[in-house]
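As a plain string of letters, each chain reads:
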Amino acid sequence: MSGRVLVGVKRVIDYAVKIRVKPDNTGVVTDGVKHSMNPFCEIAVEEAVKLKEKKLIKEVVAVSCGPQQSQETIRTALAMGADRGIHVDVSGKDYENLGPLQVSKILAALAKQEDAQLILLGKQAIDDDCNQTGQMTAALLDWPQGTFASEVSLEGDKINLVREIDGGLEHIKINTPAVITADLRLNTPRYATLPNIMKAKKKKIATVKPADLGVDVTSRLEVLKVEEPPQRQAGMKVETVEDLVVKLKEAGRV
Amino acid sequence: RITTHYTIHPRDNDPRWEGKQLCYKLIKKLESYGSVKGIATNDVGIAKDGSPKGIFERGMELHAKVTLFGEGCHGHLAKQLYNKFNLRENCEPQTYAIGLKELWMIDEKKWRPGRVEHSVGWPLDRNTYGGSFLYHLNEGEPLVALGFVVGLDYTNPYLSPFREFQRWKHHPFVAPTLEGGQRIAYGARALNEGGCQMARLLPLVTALTVCGPVVLNVFKKWLHVPEYAENLKNSWVWKELYAVRNIRPSFHNYFGLYGGMIYTGIFYWICRGKEPWTLKHCGTDANQLKPAKECTPIEYPKPDGKISFDLLSSVALSGTNHEGDQPPHLTLKDDSVPVARNLGIYDGPEQRFCPAGVYEYVPLDTGDGMRLQINAQNCVHCKTCDIKDPSQNINWVVPEGGGGPAYNGM
């Protein structure tokens, strides 16, 4: 058991910022906009650090795929308690087209390279809401997956997991090595406080390129257009049920 | 020894909105005064009721030989320093304005990069200081930065700077520029208005200087105070501030705006501020409010949703947010004062001067009477409430790190 955990962290536009579509409809405005770590990734980092504090694992490695600025996101993970970071340098057009399939290929390659026992990810990113990377990574590695985890406990070389599913809570037990994706109620992430941020500056971040890992990041998807959601129309009040039926018929709904 | 608190949060880029002017805080060797040995970051992870949460962590003290305070207008640390070290003796109290600003992406055909438009007067009456700015930015995109400034020495508690700003945009000189455009950002901040009457050795408008026979160990050469004071008085900074010192206070006459313009025309434009007298301001902004019964409520037009907007959708565009489970950072010295005094005498002016809708008077659950509801999460850190509260009961303190507006391009 190498006791090493890989945690994926993604740099996304901060959740409180109002998103704006670019005038040419090719994407959203990101220049100069406040970015932060994806909230679900924060939860994943917190879980990894907790496991290390309980001495159930030995090392937490934070990984991020993206341009130079992704290193700031890795630094935040380091400030929360990760031991070292790996920045997979993807920029320009490649970065704009970077999606779950390429990221999961990268993570799978890194997991093999680093001999990881566990991969902890957020369940989804708040910018694309894909909810695919964890599942794809597990498939590529042929590892078991515990997604939407709201409770994680290690028992020898097995993991007990509680998953939040539509029907309620599902309790499962999976073997290691495994991929776990974190859901909201897994934990409350700690703050990256100033002394920890200072200490994090000394921790190492290695930079690699996807090609070094044998991964081709060309996308199979092409974004045609990005638009704002339609403006919400004002509602209408009706006096009687008959009126309602008439209006529904007019709108072609019945 | 005062414990001062300051939030430090790593940011991708420094917000341009708050010009960070440097201030000098000199460490006084006079023991009776004490000294500033540094700053402390606040504790994080405190729940709304004051108890520590699971993620509680203590803040950290940072000690330094010299501490420079660059908080912008009406800094909360500077406020404590003024009181503790009596830095405001022999100066007039500072007077302020609130500036509200929006960033618009306009129709490219209407964009004239580099164009500057200023206005005074409408919709304010002649006795309320204020005006507008509209700048066509020259940065490659058809962006316009526009805003409205209202002097915080206004007297009518029914005045809402935010609503004055919104209705100003409908003026026939302004509205056409905005038609067909899209508002992309909103923000507000208090501004210093005082000028050199406001401090004994005022260097920069937003800076704080301390006068006294103190020598700094570290920057001996250029921060030796007596020399510094001399250098400053002989510098262009002082000359400029001195030349304009009477413009703002010249507004305080029966004819208000018109008197001020006549005075400025004669004594500044023509005479370059060389007149031998220095006019005074009127005292603190908080004391200028008249009781509500002596004033007329103002009828503001409803926002049309295209040029003018309601308050809450504007606040959403500031990107402001605060972690919900924390003690409110707008603190009251006395909980009974808002309803008894602010609402009773002044009809709750904080409901109107806050550009973020933090303050609301809502009926009590029991049905009889009102209470002040503080929506601290909306706060955009403008400091207007700390300045304009007629009871000076509101004390703005720093919220948990990371909270506040996320201005971009503002």
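Everything numeric in this text was worked out from a predicted model, so none of it was measured.

What counts, and at which threshold
Residues numbered from 1 in each chain as written. Chains lettered and ligands numbered in written order. Predicted model: local features only at pLDDT ≥ 70, side-chain atom pairs only at ≥ 80, totals over all residues. Heavy atoms only, no water. Pairing = 2+ DSSP bridges. Helix = DSSP H or I, 4+ residues; strand = E, 2+ residues; numbered from the N terminus. Axes fitted to C-alpha atoms, helices over the stretch in contact; angles between N-to-C directions. Contact = heavy atoms within 4.5 Å. UniProt positions renumbered as here; feature names shortened; annotations may be inferred. Domains from an automatic or database assignment. Salt bridge = Lys/Arg side-chain N within 4 Å of Asp/Glu carboxyl O. Polar contact = N/O pair within 3.5 Å; in protein donor to acceptor, adjacent residues only side chain to side chain. Nonpolar A, V, L, I, M, F, W, Y, C, P; charged D, E, K, R; others polar. Buried < 20%, exposed > 50% of the residue type's maximum accessible area, 1.4 Å probe, protein only. Buried area = accessible area lost by both parts, 1.4 Å probe. Phe/Tyr/Trp six-rings, centres within 6.5 Å; stacked < 30°, edge-to-face > 60°. Lys NZ or Arg CZ within 6 Å of the ring centre and 35° of its normal.

K.L.:
An account of the sheet that holds strand β10 (residues 178-182) of chain A is needed here, citing residue identities and associated values.
P.N.:
All names here are of chain A. Reading across from one edge, β9-β8-β7-β10-β6-β1-β4-β5-β11 is the order of the 9 strands in this open sheet, with mixed pairing throughout. In the strand order of this sheet, the two ends are held by β9 (168-175) and β11 (205-208), each with one partner. In this sheet, adjacent strand axes meet at a mean angle of 30° when their direction is disregarded. Looking at chain direction, strand β7 (residues 145-155) and β10 are connected through 3 bridges and run parallel. Bridge pairing in β10 places Gly 146 opposite Ile 180. Sitting on the sheet, helix α5 (residues 133-141) touches β6 (118-122), β7 and β10, and the angle it makes with β6 is about 160°.

K.L.:
Tell me about the UniProt feature "transmembrane region" (unreviewed entry) in chain B, and please be specific about residues and values.
P.N.:
Those places that UniProt annotates as "transmembrane region" (unreviewed entry) correspond, in this numbering, to residues 251-271 of chain B. Overall, residues 251-271 of chain B shows 67% helix and 0% strand. The separation of its end C-alpha atoms is 18 Å.

K.L.:
Help me get a handle on the domain arrangement of chain B, residues and values and all.
P.N.:
Residue and element names in this part refer to chain B. Entries for chain B in the domain assignment read domain 1 (6-93 + 195-245) and domain 2 (96-192 + 287-396). Every contact between the two is made by 16 residues of domain 1 and, on the other side, 21 residues of domain 2. Measuring nitrogen to oxygen at the nearest pair gives 3.6 Å for the salt bridge that ties Lys 53 to Glu 323. Across the domain 1-domain 2 interface, the total number found is 9 residue pairs in polar contact (both at pLDDT 80 or more). Among the residues forming the side of domain 1 that touches domain 2, the class breakdown is 5 nonpolar, 5 polar and 6 charged.

K.L.:
Describe helix α2 (residues 161-168) of chain B, listing the residues and the values that go with them.
P.N.:
Each full turn of the α-helix corresponds to 3.6 residues, which orients residues three or four apart in the same direction. Of all 8 residues that make up α2(B), 7 are buried, and the element is covered over most of its length. Of the residues making up α2(B), those classed as buried are B:Pro161, B:Phe162, B:Glu164, B:Phe165, B:Gln166, B:Arg167 and B:Trp168.

K.L.:
Break down the interface of chain A and chain B for me, with residues and values.
P.N.:
Tallying the contact residues gives 23 residues for chain A and 24 residues for chain B. Summing both sides of the interface, chain A and chain B together bury roughly 1800 Å²; the carbon and sulfur share of this comes to 58%. Of all residues in chain A, A:Arg20, A:Tyr191 and A:Leu194 bury the most surface against chain B, accounting for 35% of the area lost on that side. The interface formed by chain A and chain B includes 3 residue pairs in polar contact (both at pLDDT 80 or more). The element contributing the most residues to the side of chain A that touches chain B is helix α6 (residues 194-200) of chain A, with 4 residues. Within the side of chain A that touches chain B, the residues separate by chemical class into 10 nonpolar, 5 polar and 8 charged.

K.L.:
An account of the sheet that holds strand β9 (residues 182-192) of chain B is requested, with residue identities and associated values reported.
P.N.:
Residues and elements named next belong to chain B. Sheet architecture is open: 5 strands sit in the order β6-β7-β8-β5-β9, paired in antiparallel fashion. Looking along the sheet, the strands with just one partner apiece sit at the ends: β6 (116-120) and β9. When the angles between neighbouring strand axes are averaged without regard to direction, this sheet yields 15°. Examined bridge by bridge, strand β7 (residues 130-136) and strand β8 (residues 143-151) share 7 bridges and lie antiparallel to one another. The residue bridging Phe 133 from the neighbouring strand is Gly 147, located in β8. The strands touched by α2 are β5 (96-105), β6, β7, β8 and β9; relative to β8, the strand with the most contacts, the crossing angle is about 135°.

K.L.:
Could you give an account of the packing of aromatic side chains, naming the residues involved and the relevant values?
P.N.:
Residues and elements named next belong to chain B. Applying the stated criterion across every chain, the model contains 8 aromatic pairs over all chains. With 6.2 Å between their ring centres and 25° between their planes, Phe 165 and Trp 168 make a pair best called stacked. Residue Phe 165 and its partner Trp 168 are located together in helix α2, separated by 3 residues, close to a single helical turn. An aromatic cluster of three or more residues is present, and its members are Phe 148, Phe 165 and Trp 168. Cation over ring: Arg 183 sits above Phe 309, and NZ or CZ is 4.0 Å from the ring centre. Its guanidinium or amino end placed over the ring of Tyr 242, Arg 245 lies 3.9 Å from that ring's centre, counting from NZ or CZ.

K.L.:
Explain the pairing of strand β4 (residues 59-66) of chain A to me, and be specific about the residues and the numbers.
P.N.:
All names here are of chain A. Taken across its 8 residues, β4 has 8 buried, putting it largely inside the fold. Covered by surrounding structure in β4 are Glu 59, Val 61, Val 63 and Cys 65 together with Val 60, Ala 62, Ser 64 and Gly 66, the residues of both alternating faces. Bridge count for strand β1 (residues 4-8) against β4 is 5 bridges, and the pairing is parallel. Within the sheet, the bridge partner assigned to Val 5 lies in β4 and is Val 60. In this structure, β4 lies alongside strand β5 (residues 84-89), joined through 6 bridges in parallel fashion. From the neighbouring strand, Ala 62 faces β5, where its bridge partner is Gly 85.

K.L.:
Could you give an account of the UniProt feature "domain: Electron transfer flavoprotein alpha/beta-subunit N-terminal" (unreviewed entry) in chain A, with specific residues and numbers?
P.N.:
Feature annotation in UniProt assigns "domain: Electron transfer flavoprotein alpha/beta-subunit N-terminal" (unreviewed entry) to the following positions: residues 25-217 of chain A. Between the C-alpha atoms that bound residues 25-217 of chain A there is a distance of 23 Å. The span itself is 32% helix and 30% strand.

K.L.:
Can you explain the side chain of A:Asn187? Please cite residues and give values.
P.N.:
Residue and element names in this part refer to chain A. Inspection of the secondary structure assignment puts Asn 187 in the loop between β10 and α6. Since its relative accessible area comes to 11%, Asn 187 is described here as buried. Those residues in contact with Asn 187 that lie beyond four places of it in its chain are Ile 43, Glu 46, Glu 47 and Lys 50.

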